[in-house]
Amino acid sequence: MFEITPTTRLRRSPFFEATVREGVKGFLPYNQMLMPTGYGHPEDEYWRLINGVAVWDVAVERQVEISGPDAEKLAQILSPRNLSKCAENQGKYIALCDHNGTIINDPILLKLAEDRYWFSIADSNILFWARAIASERRLIVDVSEPDVSPLAVQGPKAEAVVADIFGDWVHDLKYFWFREAEIDGIPMKVARSGWSKQGGFELYLMDGSRGNELWNIVKEAGKPYDIGPGNPNMCERIESGLLSWGSDTDDETNPFEIGLGKYVDLDVGDDVIGIAKLRKFKEDGIKRHQLGIILNGEEPLASHSIWYDIHLNGTKVGDMTNGVWSYRLKRNIGYALISSQINVGQNVEVCKDGQMIEASLCNLPFC
Ligand code: THG
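Just so you know, these numbers come straight off a predicted model, no measurement behind them.

Novice: So what's going on with the sheet that holds strand β10 (residues 142-144)? Which residues, and what values?
Specialist: Taken together, five strands build an open sheet; the order of strands is β5-β8-β9-β4-β10 and the sheet is antiparallel. One side of each edge strand has no neighbouring strand; the edge strands of this open sheet are β5 (90-93) and β10. Each neighbouring strand pair of the sheet contributes to a mean axis angle of 20°, computed without reference to strand direction. As paired elements, strand β4 (residues 63-67) and β10 share three bridges and run antiparallel to each other. For Glu65, the partnering residue across the bridge sits in β10 and is Ser144. Seen against the sheet, helix α3 (residues 71-78) touches β4, β9 (116-120) and β10 and runs at an angle of roughly 30° to β9. Lying on the sheet, helix α4 (residues 126-136) is in contact with β4 and β10; it crosses β10 at an angle near 170°.

Here is the structure:
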């Protein structure tokens, strides 16, 4: 068993008790909260996501709410993706950059109203960032954290489970769009989204005192579909080419290097943070790019999120940022953040724990 000192420095999710009941085996710190990392059966948890349905506590994707007369303006200043066509009840994946054009978070933006937005953030403090920018630009907004905790239902059978709970309208929900809903008086927003490519939904619980109840409702509705507990899945997300900010990025990574250039609109206003640098990056071309990397050998290696050097002819040319044993490909795969002079099809070496492992580069996604 584990012991976690009760502290405001490492907040528990409203689903914490439920995950303990389900037999959670470990946690990671993320946004100063505890994120479950597994339930003891990694391969079963993976195949359940690929073939069935799983429920994940992702309350660590904390919300930063921006509201008030200048909310729309601030949201756009923070995001180099053009938001002018974002409708109410629509979400968008965005790359937040600093003044150097470095990516500092990759949230899902939810537009609740013309004057109210949530940034559903990855692991960095955007509350302080948004407040600082709002003050410096003299904007009239309120930046706060609402009582909101996402619970993900992921996998090919997720839609059936969520429709059984909420009704047929769920089938018509478009990707990243959401709708207000209630079940047994528990307030939430239901979005078609989630950090996997297997399809699914996120239930944004809007009353932290009712996490247990919501978990049980999902568990009960999922029984006919053999639902089980899971968590953001390293293997599936690498196979699918999804980014983990802070894990696949460093303090100098820009969106173009990691395949997020499609979410940067260079014609947004000059007041958007980092836009001058982003235009320059586009003009000059990037020095590094992100590719898939496949290690030679058919023995599963431990997954890692620490970086290993990639060599070509004895010289370091990049980093392997994450690696995992792929259950579908039966190979050790991962991401390379590597010199853009080196490309798909080339063979390189990964320096892993003092050992040189031959590897090849490929396009993403893997699956
Ligand atoms: N759920 C919620 N908030 C989050 C995450 C989440 N915030 C942080 C982090 N995860 C955001 N990261 C991603 C990364 C990729 C995707 C979703 C969240 C994603 N990308 C698709 C792709 O890249 O193919 C689709 C992008 C698109 O079509 O615009 O889904 O998990 N609440």
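Next, the rest of the story.
Novice: Lay out the side chain of Thr253 with the relevant residues and their values.
Specialist: Examined against the element boundaries, Thr253 turns out to sit in the loop between α7 (234-239) and α8 (275-284). A polar side-chain atom of Thr253 sits 2.7 Å from a polar atom in the side chain of Asp250. Engagement of the side chain of Thr253 in a polar contact is seen with the side chain of Arg288, the distance being 3.5 Å.

Novice: Residue-level account of the site of the ligand, with values.
Specialist: Neighbouring the ligand are 16 residues; Ser120, Lys197, Glu202, Tyr204 and Tyr263 lie closest to it. One of the side-chain N or O atoms of Lys197 is found 2.5 Å from an oxygen atom in the ligand. For the ligand, the accessible surface in isolation is 660 Å², of which the surrounding protein chains cover 87%. Partitioning the shell around the ligand into residue classes produces ten nonpolar, two polar and four charged.

Novice: How would you sum up the sheet that holds strand β17 (residues 308-312)? Please name residues and give values.
Specialist: Strands sit in the order β16-β19-β18-β17-β20-β21 around a closed barrel of six strands; the barrel is antiparallel. Each strand axis lies, on average, 40° off the axis of its neighbour in the sheet, ignoring direction. As defined by bridge partners, β17 adjoins strand β18 (residues 315-326) across five bridges and the pair is classed as antiparallel. Note that in β18 the partner of His311 across the bridge is Lys316.

Novice: Report on the pairing of strand β3 (residues 54-57), specifying residues and quantitative values.
Specialist: Taking every second residue as pointing to the same face, both faces of β3 are buried, with Ala54 and Trp56 on one and Val55 and Asp57 on the other. The sheet contact formed by β3 and strand β11 (residues 149-154) spans four bridges and is antiparallel. Bridging from a neighbouring strand, Ala54 pairs with Gln154 of β11.

Novice: Talk me through the nonpolar core; I want residue IDs and the actual numbers.
Specialist: By size, the foremost hydrophobic cluster in this structure holds 55 residues, and its most contacted members are Phe166, Val190 and Val218. Looking at this core, the elements that each hand over two or more residues are β2 (33-38), β8 (108-113), β11, α5 (158-166), β12 (178-183), β13 (186-191), β14 (200-205) and α6 (211-222). No other element matches α5, which puts six residues into this core. With residues near it in sequence (within four places) discarded, Phe166 still touches Ala181, Ile183, Met188, Val190 and Leu203. With 24 residues, the next largest nonpolar core counts Ile77, Leu78, Leu83 and Trp129 among its residues.

Novice: Please provide a residue-by-residue account of unusual backbone geometry, values included.
Specialist: In this structure, the amide linkage connecting Leu364 to the following residue, Pro365, adopts the cis form with an omega of -5°. The topology assignment puts Pro365 in the segment after β21 (355-362). Even without being glycine, Asn89 reaches a positive phi, approximately 70°. A positive phi angle is found at Asn313, which is not glycine, with a value near 50°. Examined against the element boundaries, Asn313 turns out to sit in the loop between β17 and β18.

Novice: Describe the pattern of salt bridges, listing the residues and the values that go with them.
Specialist: Pairs can form between side chains of opposite charge once their charged atoms are near each other. Across all of its chains, the model carries 19 salt bridges by this definition. Among the salt bridges present, the one from Lys189 reaches Glu180, with a minimum N-O distance of 2.5 Å. Of the residues examined, Glu180 reaches a relative accessible area of 47% and is grouped as partly exposed. With a closest N to O distance of 3.7 Å, Glu298 and Arg331 form a salt bridge. Separated by 33 residues along the polypeptide, Glu298 in the loop between β16 (288-295) and β17 and Arg331 in strand β19 (residues 331-339) bring together distant segments of the chain. Classification of Glu298 by relative accessible area gives exposed; the value is 56%. Salt bridges sharing partners connect three or more residues here, namely Arg11, Arg62 and Glu145.

About the cut-offs
- Residues numbered from 1 in each chain as written.
- Predicted model: local features only at pLDDT ≥ 70, side-chain atom pairs only at ≥ 80, totals over all residues.
- Heavy atoms only, no water.
- Pairing = 2+ DSSP bridges.
- Helix = DSSP H or I, 4+ residues; strand = E, 2+ residues; numbered from the N terminus.
- Axes fitted to C-alpha atoms, helices over the stretch in contact; angles between N-to-C directions.
- Contact = heavy atoms within 4.5 Å.
- Polar contact = N/O pair within 3.5 Å; in protein donor to acceptor, adjacent residues only side chain to side chain.
- Near = heavy atom within 4 Å.
- Areas by Shrake-Rupley, 256 points an atom, 1.4 Å probe, with all protein chains shown as cover.
- Nonpolar A, V, L, I, M, F, W, Y, C, P; charged D, E, K, R; others polar.
- Buried < 20%, exposed > 50% of the residue type's maximum accessible area, 1.4 Å probe, protein only.
- Core = buried A, V, L, I, M, F, W, Y, C linked by side-chain atoms within 4.5 Å.
- Salt bridge = Lys/Arg side-chain N within 4 Å of Asp/Glu carboxyl O.

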